[in-house]
Amino acid sequence: MIRVLFVCLGNICRSPMAEAVLRSKVAQAELSDQIEIDSAGIGDWHVGEPPHEGTREILLKQQISVDGMKARQVKEGDLSQFHYVIAMDASNLGELHEMAGVNPSSSISRLMDYVSESEIEDVPDPYFEGNFEEVYQMVEEGCSKLLEHIRDEEGI
Ligand code: 4NP
């Protein structure tokens, strides 16, 4: 099983959105038995909460389910459990690198790394800005490219 973990700050806006979007793409590609997806937050403020209303609304419009999703905090063990650890922004990335130390066993990257034509490297935090639509467009494109990358890399 190939394991993918998305990480943002609170695990209620961006990373659960990416988790749900990639899961839906993986299901469409009939790869659900080969790729498992989860998400977590750097902080613990929202542990146990469902995704933010803005994320739920956007996903509902796309008919993507958020059933059963609950925020959790990222832990050191995640970095050996998951093959692809995908941060939303430079701050998340820095925290993950710090947690992983010098010899990370997983691949740690940023979602927008996979969108080669993108000049924007960070998925902006919609928690204060409320720009969920803009964030969704980036997450959607990032997840398409990430899935292409994983399929190439894993030969599936
Ligand atoms: P997220 O957004 O990292 O995309 O889930 C945030 C959610 C909560 C907070 C910050 C960002 N917060 O400060 O509580």
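Here, every reference points to the structure presented above.
Attention here is on the structure that accompanies the text.

What counts as what
Residues numbered from 1 in each chain as written. Predicted model: local features only at pLDDT ≥ 70, side-chain atom pairs only at ≥ 80, totals over all residues. Heavy atoms only, no water. Patch = residues over 30% accessible without salt bridge, like charges linked within 9 Å, V, L, I, M, F, W, Y side chains within 5 Å. Areas by Shrake-Rupley, 256 points an atom, 1.4 Å probe, with all protein chains shown as cover. Salt bridge = Lys/Arg side-chain N within 4 Å of Asp/Glu carboxyl O. Lys, Arg positive; Asp, Glu negative; His and termini not counted. Charge placed at Lys NZ, Arg CZ, Asp CG, Glu CD. Helix = DSSP H or I, 4+ residues; strand = E, 2+ residues; numbered from the N terminus. Axes fitted to C-alpha atoms, helices over the stretch in contact; angles between N-to-C directions. Parallel < 35°, antiparallel > 145°, perpendicular 65-115°, else oblique. Left-handed = near helix turned anticlockwise from the far one by under 90°. Contact = heavy atoms within 4.5 Å. Core = buried A, V, L, I, M, F, W, Y, C linked by side-chain atoms within 4.5 Å. Buried < 20%, exposed > 50% of the residue type's maximum accessible area, 1.4 Å probe, protein only.

Details of a negative patch on the surface
On the surface, E148, D152, E153 and E154 cluster together into a negatively charged patch. As for its placement among the helices and strands, D152 is situated in helix α6 (residues 132–154).

Some remarks on the packing of helix α2 (residues 53–61) against α6
Two elements in contact, α2 and α6, have axes separated by 10 Å at closest approach and are oriented at 60°. Considering the angle they form, α2 stands oblique to α6. Relative to α6, α2 is oriented so that their crossing is right-handed. Where α2 approaches α6, its residues G54, T55, I58, L59 and K61 are matched on the opposing element by F132, E133 and Y136.

Section: the nonpolar core
Among the nonpolar cores identified, the biggest contains 38 residues, and V4, F6, L22, I35, V139 and L146 are the most heavily contacted of them. Every element with two or more residues in this core is listed here: β1 (2–8), α1 (14–28), β2 (35–41), α2, β3 (84–87) and α6. Counting residues per element, this core draws most heavily on α6, which supplies 9 residues. With near-sequence residues (within four places) excluded, I35 lies in contact with M1, I2, V4, V26, L147, I150 and I156. In this structure, A40, I42, F82 and L93 belong to the second largest nonpolar core, which totals 12 residues.

Observations concerning the pattern of salt bridges
Throughout the structure, instances matching the rule amount to 13 salt bridges. The closest approach of N and O atoms between R110 and E121, which form a salt bridge, is 3.9 Å. Remark: E121 occurs in the loop between β4 (107–110) and α5 (126–129) and R110 occurs in strand β4; sequence separation between them is 11 residues. According to the relative accessible area criterion, R110 is buried, its value standing at 12%. Across the pair K145 and E117 runs a salt bridge, and its minimum N-O distance is 3.2 Å. One end of the pair, K145, is in helix α6; the other, E117, is in the loop between β4 and α5, with 28 residues separating them in the sequence. We classify K145 as partly exposed; its relative accessible area is 23%. Look at the salt bridges and you will find they share partners, linking D38, R72, K75 and D78 into a network.

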